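Tertiary structure, described
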Amino acid sequence: MWRLLNIALLKCTCFLAIGIIFGYYLNNTSYSLILALIATLSLILYRLYSRSERCFRICSEFLIACIFILFGFLNIQFRHHDRNLAWQYYENPESKDLTIRVTKILRETNFSFRYTGVILAVDCQKEYIPVLIRIPKDSIFSKSLEPGDELVTSIPIKSIPPPLNPYAFNYRKYMASEHIFFQVSIDPALLKVRTPSDKSPAILAYKFRKNIQSQFERNNLKEKNIALLCAILLGQRQYLDHTTYKQFTDSGAAHFLAVSGLHIGILLSVFSFLLKPLNYIQKGRTLRFLLLITFLLLYAFITGLSPSVLRAILMYGLLTYALLLQRKNPPINTLILSAFILLLAEPIELFSVGFQLSYLAVGGILLFFPLLNKLWTGQHFIFKYFWQLCMISIAAQIMVTPLILYYFHQFPFHFLLTSMIVTPLLALILTYTVILLATSCLLELPRFLYAFLDNLLSVIDLITRIGASSESLIIKNIQLSLPSLLILYFIISTTLYWITQRRTSLMLLPVSGLLLLMVQFLFHPFAPKTKDHLLVLHKTAQSMIIGINKSHLILEHDDERNETIIMDLYNGLQLDSIVVSKDNIKSMQQRSGLVIIDSTFQTISYRKDSVSILLRNSTGVHLERLLDSTPVRKVIADGSNYLSYIRRWRVTCFKRKIPFHYTGEKGSFRIYFE
């Protein structure tokens, strides 16, 4: 395998990825000039020392590295940062006359309906600006928007805000990976909806998906199972409720809900088997390849051309083409080539968790499955099938586990059992549903065929529910830093190289990696350093104050321990423990000069020249009188207050020229102390 590996392609892909990373985090074009100068210098050295074979090789390698790093740097700069900067002038607190076309329905939140769209016109000037659309739930608006609907309104365009609490999910960064940097919050009273007469391909795909969903509804499938089938077959997860999604996540089966390489691979295998007789006719292989690619593109179109589906089609399309040519080329080269092409076309995909997990999973299967499959060679077809299924799951999990620990901080130990049961069921459901839908176009099918599909979906729901209920098999709050992640992948790659090469001296590489990992876990040299401080977090309709003392996170109430906000902070700061102590919080308040004013407030006693006051639980205190009698340096209001109170307090502080911090707008507030 290593002899046939295309090292040149691997190097070019790695250098391109390095350039993209530099360009993403170093938002300054001056760095590109430095890289260009280095590349020019290496080219000069290349010409001067080209007669020396060793210098020729070193200079040429260095020149290639500089070229691809520079290309990746400029690619992400021009396709990501410059596009964002070019749109900045649209952000204005003043209302603009907008015409927006809805493109996709997103999962709704507790407070708003969400859609993605495109701004077609700003003040009667044609534009094309991707945007996030929010419509409040507590409004009188009841009409459900559909892709293709055009919205005419007059509102300001705003940036998508960053997370309000430290280490929380960065929705702004996620939407930026979808090339969406702005949002509009629409008041239904200012909204006019019109349905365009033209039918774009995206609208036709949406109508097709709705017809499929309606067909299942007419045949009495359970509402929960219809939502599950829409996620599995069509990639439409917005219909799933939070409980179902969490149950799949906790059981280690969340990847079954996103149409990705697994789904494409199953469908490709089934239709490849059905079209196998074409191999025996003239030009049959080419015809079979074209039919498979046509089917994959049609399926991608129906599912909405999501990035995960396009990634999978690119990977499997290249793999199928390589099989058509019948070349002795390891599939890992095709995988690297697909990553190289994708990063050239869409460099921002490198930072997508889906991109990272899908390529690592497929890479793990291609690299580790041949080794694991040799451990046992069964004769019986059924035992052999389940053994291979088990080894495929383990091979993929070897590569994705470090990344799962880094991003999600938990690991379900029963993933293997869940995958072994759910994967065959998924293959059966996908194949059966496609055949069922194709047959229903020709004739009326009896209800029991749909009832069988409903039962299959209920079985998957039951399996994942049992898996999610086994909390003792789920390890949560695993802290893994970026250096530890890189060390783990160094250990995995060097171990694979040592096993395949069978040289004892190579064993020192994974052993040295293990030693580095032990040092990292014991001494935490790369852990975030932070001073002792109080932190006022934002949570709607609640007040939450925590303290950071050395390596401990201190809470006021025990019921806050399992809050997502708390666990994100605990894992992000890599703290040692969580302590519940009201006395410690009060002591830290006194040391920091923070005074809490709520319904229990009576008088202020302070030891400092000035204090910061925290207004919470919509206290009825007379703020102007309080400011007259107390030296206040800052006023803080958290998410437990009514918005009408927030507006009144902001005006009062503005008149008094006292800084006002509302956590719902500016995020959490830190107060450091000695």
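Quick caveat: nothing in here was measured; it's all calculated off a predicted structure. (Residues numbered from 1 in each chain as written. Predicted model: local features only at pLDDT ≥ 70, side-chain atom pairs only at ≥ 80, totals over all residues. Heavy atoms only, no water.)

**A short note on the overall build of the protein chain**
A tally of regular secondary structure across the protein chain gives 22 helices and 17 strands. By residue count, 47% of the 674 residues in the protein chain fall in the buried class. For the protein chain, long-range pairs separated by at least 24 residues make up 67% of all intrachain contacts whose partners lie at least 6 apart in sequence. Carbon together with sulfur atoms contributes 62% to the accessible area of the protein chain, which is approximately 36300 Å² in total. (Helix = DSSP H or I, 4+ residues; strand = E, 2+ residues; numbered from the N terminus. Buried < 20%, exposed > 50% of the residue type's maximum accessible area, 1.4 Å probe, protein only. Contact = heavy atoms within 4.5 Å. Areas by Shrake-Rupley, 256 points an atom, 1.4 Å probe, with all protein chains shown as cover.)

**Brief notes about the sheet that holds strand 12 (residues 577-580)**
What holds strands together in a sheet is hydrogen bonding between their backbones, with the strands either parallel or antiparallel. With respect to topology, 5 strands assemble into an open sheet ordered 12-11-10-9-17, the strand pairing being mixed. The open sheet has two free edges, formed respectively by strand 12 and strand 17 (669-672), since each of these has just one partner strand. Across the sheet, the mean angle from the axis of one strand to that of its neighbour is 25°, orientation sign disregarded. The pairing of strand 11 (residues 552-555) with strand 12 spans 4 bridges and is classified as parallel. Counterpart to Leu 555 in the pairing with strand 12 is Val 580. (Pairing = 2+ DSSP bridges. Axes fitted to C-alpha atoms, helices over the stretch in contact; angles between N-to-C directions.)

**Thoughts on the side chain of Arg 134**
Within the secondary structure layout, Arg 134 lies in strand 3 (residues 125-136). Buried charge without a partner: Arg 134 forms no salt bridge, and the closest opposite charge is Glu 108, 12 Å away. In this structure the side chain of Arg 134 is engaged in a polar contact, spanning 2.8 Å, whose partner is the side chain of Gln 183. In contact with Arg 134, not counting residues within four places along its chain, are Ser 112, Phe 113, Arg 114, Tyr 171, Gln 183, Val 184, Ser 185 and Ile 186. (Lys, Arg positive; Asp, Glu negative; His and termini not counted. Salt bridge = Lys/Arg side-chain N within 4 Å of Asp/Glu carboxyl O. Polar contact = N/O pair within 3.5 Å; in protein donor to acceptor, adjacent residues only side chain to side chain.)

**A closer look at the pattern of salt bridges**
All told, the structure shown has 11 salt bridges when counted by the stated rule. One salt bridge connects Lys 224 with Asp 461, and the closest N-O pair in it is separated by 3.3 Å. Highlighted residues: Lys 224 in helix 6 (residues 223-234) and Asp 461 in helix 15 (residues 447-469), separated in sequence by 237 residues. For Lys 224, a relative accessible area of 35% corresponds to the partly exposed category. Connected through salt bridges with shared partners, the residues Arg 101, Glu 150 and Arg 194 form a single ionic network.

**Quick look at the sheet that holds strand 15 (residues 632-637)**
Overall, parallel pairing links the 4 strands, which are arranged 13-14-15-16 in an open sheet. Across the chains shown, the open sheet's two edge strands, defined by having one partner strand only, are strand 13 (594-597) and strand 16 (660-662). Within the sheet, the average angular offset between the axes of one strand and its neighbour, ignoring direction, is 20°. Summarising the sheet, strand 13 and strand 14 (residues 611-615) pair through 4 bridges and their orientation is parallel. Within strand 14, the position partnered with Ile 597 by the bridge is Leu 615. Its contacts with the sheet place helix 21 (residues 643-656) against strand 14, strand 15 and strand 16, and it is angled at close to 160° to strand 16.

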